[in-house]
Amino acid sequence: MQNNKLLVVLTGIAVGAIAVALVALGNPGNMGFCIACFLRDTAGAVGLHRAEVVQYVRPEIIGLVLGAFIMAFAGKEFSPRGGSAPVTRFTLGFCVMVGALMFLGCPLRMMLRIGGGDLNALVGLAGFVAGIGCGIFCLNRGFTLKRTYSVSKLDGYLYPAANVAMLALLCAAPALLFFSESGPGSMHAPIAAALIAGLAVGVLAQKSRFCTVAGIRDTILFKDTHMLIGFIAVIAAVIIGNLIMGSFHIGFEGQPVAHTDGLWNFLGMLLVGLGSVLLGGCPLRQLILSGEGNVDSVVTVLGFVVGAAFCHNFKLASSGDGPTSGGQIAVIIGLAITAAIAFANIQRETKAKA
Amino acid sequence: MDKIIVDARGCACPEPVLKTKRAVASGAEVLTVLVDNNTAVENVKRFAASKGYQADVTQEGGDFHIELKK
């Protein structure tokens, strides 16, 4: 038990420290990791959207998936499974991405932003906690996407294999890809460093079951602070790292890749929190599970990717200038769809059967 | 009293723990929780320990049987 707790804390510290290092090596500010931003950049690199400032194949994503795959395989935990409402998961993934690109970050980047002194992210955190609260309300009333079943080995291998293919493409044929020449997409750590960073975090997150939603969810639901300690460890490590690197700047204005619209930062992360609880884990956790052979999580990740492409093709994503009106409408629709999915999947459970 | 069996195989987080919590809340002092992955085993065991239950895990094929006893 204690070893598990130590592993969660170690994972948190490693995630925080590596994130600060990635920024020092070239990633955008407070964006050592961002599952939402990096999947969006990767979607852009293969031309799924044409927002020229956010196109790059992020090796961190590839590393996270392959790190989890390697660790799961080594630990005999690679277990291809799926069939738990895949299209619903795709839709929830799409909606979560709409919320994340309103706020400009997944829950992990929200933590990194807090650790960089970005107070807008505290507003996002309030929305995130509120969204998790709404998700718990649904869970307590019997929300479920039903169970998964075993699927073929090949089904489980395909997504990790696709990540190997993306890495090969990035290294061997970058001319085929779209790369930003300015903006956040042009800012990145060297490929090897980013890949190793992703692998390290993928390995640790698989082993420790690290999840940015679980910390707050389990504390509220079960008074279990096991994962919350990891959540706090990330933020503490990032604050210390940024203080050492001289990149801790407290305030609302002028934060890197962020805007100051409090209402929409709140609502964006509310959608992310609610959607993530319904999905059973945060965007990072979905990536890790996709490396473990959970094909429902693969479908969820595809929902993230397609959602990101739509957000940039239809100008729904925020920028440093603030949200767009289309993005505001999309978040409201996303909340409505997510709420409808939540209520439609509430099963009136009878008492535990004899 | 019939033995309480909680079948949480294939369920996403946090459903295995939630189902266990419901069974515990209904007064079960001896129950078996069925799950099919290590994460769920760890989570159910942690919850059970916090409620004062002893856990005994056996593996059968791809499934885990967690016997909980107060």
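See the structure above.
In this text the structure is predicted, and so the values were computed from the model without any measurement. In every chain, residue numbers begin from 1 and rise along the written sequence. Chains carry letters from A onward and ligands carry numbers from 1 onward, assigned in written order. Owing to the predicted nature of the model, reporting of local features is limited to residues with pLDDT of at least 70; listing and counting of side-chain atom pairs is limited to 80 or more, with chain, interface and lining totals taken over all residues. Based on all heavy atoms of the structure, the side-chain values leave hydrogens and waters out of the count.

Draft legend 1. Just the nonpolar core, in detail. The criterion is simple. A nonpolar core is a set of buried Ala, Val, Leu, Ile, Met, Phe, Trp, Tyr and Cys residues joined through side-chain atoms within 4.5 Å. Partly exposed residues are those whose accessible area sits between 20% and 50% of the maximum for their type, while under 20% is buried and over 50% is exposed, using a 1.4 Å probe and protein chains only. One finds M110 and F128 of chain A together with L31 of chain B to be the most contacted residues of the largest nonpolar core, which totals 107 residues. The next biggest cluster of nonpolar side chains, apart from the first, holds nine residues, and it includes A45, Y56, V57 and L177 of chain A.

Draft legend 2. Up close: a nonpolar patch on the surface. A grouping of I240, I244 and M245 of chain A is seen on the molecular surface, where their side chains present a nonpolar patch of about 340 Å² in accessible area. Tracing the sequence through the fold places M245 of chain A in helix α10 (residues 226-245). Only residues whose relative accessible area exceeds 30% and that form no salt bridge enter a patch; like-charged residues are grouped when within 9 Å of one another, and nonpolar side chains (Val, Leu, Ile, Met, Phe, Trp, Tyr) when within 5 Å. The accessible surface values rely on the Shrake-Rupley method and a 1.4 Å probe; as for residues, cover is taken only from the protein chains in view. Only one rule defines a salt bridge in this text: a Lys or Arg side-chain nitrogen within 4 Å of an Asp or Glu carboxyl oxygen. What counts as a helix is a DSSP run of H or I of at least four residues, what counts as a strand is a run of E of at least two, and both are numbered from the N terminus.

Draft legend 3. View of the packing of aromatic side chains. All names here are of chain A. Any two rings among Phe, Tyr and Trp, with Trp reduced to its six-membered ring, count as a pair given centres within 6.5 Å; such a pair is stacked if its planes are under 30 degrees apart, edge-to-face if over 60, and tilted if neither. Scanning the model with the defined rule gives 10 aromatic pairs over all chains in all. Their ring planes at 75 degrees and their centres at 6.2 Å tell us that F69 and Y157 sit as a pair that is edge-to-face. Of the two residues, F69 sits in helix α3 (residues 59-74) while Y157 sits in helix α7 (residues 153-172), which places them 88 residues apart along the sequence. Through pairs of rings, three or more aromatic residues link up here, namely F69, F73, F78 and Y157. Just above the ring of Y149 sits the side chain of R147; from NZ or CZ to the centre is 4.4 Å. To sit over a ring, a charge needs its Lys NZ or Arg CZ within 6 Å of the ring centre and within 35 degrees of the ring normal.

Draft legend 4. Spatial organisation of the interface of chain A and chain B. Contacts are assigned to residue pairs with any non-hydrogen atoms lying within 4.5 Å of each other. Facing the 27 residues of chain A at the interface are 25 residues of chain B. Summed over both partners, the accessible area lost on bringing two parts together, with a 1.4 Å probe, is the buried area. Buried surface at the junction of chain A and chain B, both sides included, amounts to about 2,200 Å², of which 50% is carbon and sulfur. Counting every contact that joins chain A to chain B gives three salt bridges. Residues R209 of chain A and E42 of chain B are paired through a salt bridge, measuring 2.9 Å at the closest nitrogen-oxygen approach. In protein, a polar contact means a hydrogen-donor-capable atom and an acceptor-capable atom, both N or O and within 3.5 Å, with residues adjacent in sequence counting only if both atoms are side-chain atoms; elsewhere, any N or O pair within 3.5 Å suffices. Counting every contact that joins chain A to chain B gives 10 residue pairs in polar contact (both at pLDDT 80 or more). Counting residues per element, the ones that place at least two in the side of chain A that touches chain B are α6 (120-140) and α9 (212-222) of chain A.

Draft legend 5. Fine view of the environment of I333 of chain A. In this fold, I333 of chain A is placed in helix α14 (residues 325-344). With 223 residues separating them in the primary sequence, I333 of chain A and M110 of chain A have C-alpha atoms 22 Å apart.

Draft legend 6. Spotlight on the environment of I240 of chain A. Here I240 of chain A lies in helix α10. Each C-alpha atom, one on I240 of chain A and one on V20 of chain A, is 9.5 Å from the other, the two residues being 220 residues apart in sequence.

Draft legend 7. Representation of the layout of surface pockets in the model. A 1.4 Å probe that fits into a set of points on a 1 Å grid over the protein atoms alone but cannot get out defines a cavity; an open set with protein on both sides within 12 Å along at least five of seven lines defines a pocket, and lining residues are those with an atom within 4 Å of a point. Grid points are joined across faces, edges and corners, and a volume is the space filled by probe spheres set on the points. One number sums up the size of the largest pocket: a volume of about 890 Å³. As for the largest pocket, its lining consists of 49 residues, and the residues nearest its centre are R81 and E292 of chain A together with D36, N37 and N38 of chain B. Elements that contribute at least two residues to the lining of the largest pocket include exactly β2 (149-150), α9, α10, α12 (283-291) and α13 (295-313) of chain A together with α2 (38-50) and β4 (63-69) of chain B. No other element matches the six residues that α2 of chain B contributes to the lining of the largest pocket.

Draft legend 8. Structural view of the packing of helix α4 (residues 86-103) of chain A against α14 of chain A. All names here are of chain A. Axis lines are fitted through C-alpha atoms, for helices just across the contact stretch, and the angle between N-to-C directions can take any value from 0 to 180 degrees. It is the contact of α4 with α14, at a shortest axis distance of 9 Å, that shows an interaxial angle of 145 degrees. At the point where α4 passes α14, the crossing takes the left-handed sense. The residues of α14 that touch α4, namely those facing T88, T91, L92, C95, V98 and M102, are G327, Q328, A330, V331, G334, I337, T338 and I341. Here the term charged refers only to Asp, Glu, Lys and Arg, the term nonpolar to Ala, Val, Leu, Ile, Met, Phe, Trp, Tyr, Cys and Pro, and the term polar to all other amino acids, Gly among them. Taken together, the residues that form the contact of α4 with α14 break down as eight nonpolar, six polar and no charged. Each crossing is labelled by how the near helix is turned from the far one, with a counterclockwise turn of less than a right angle marking it left-handed and a clockwise turn marking it right-handed.

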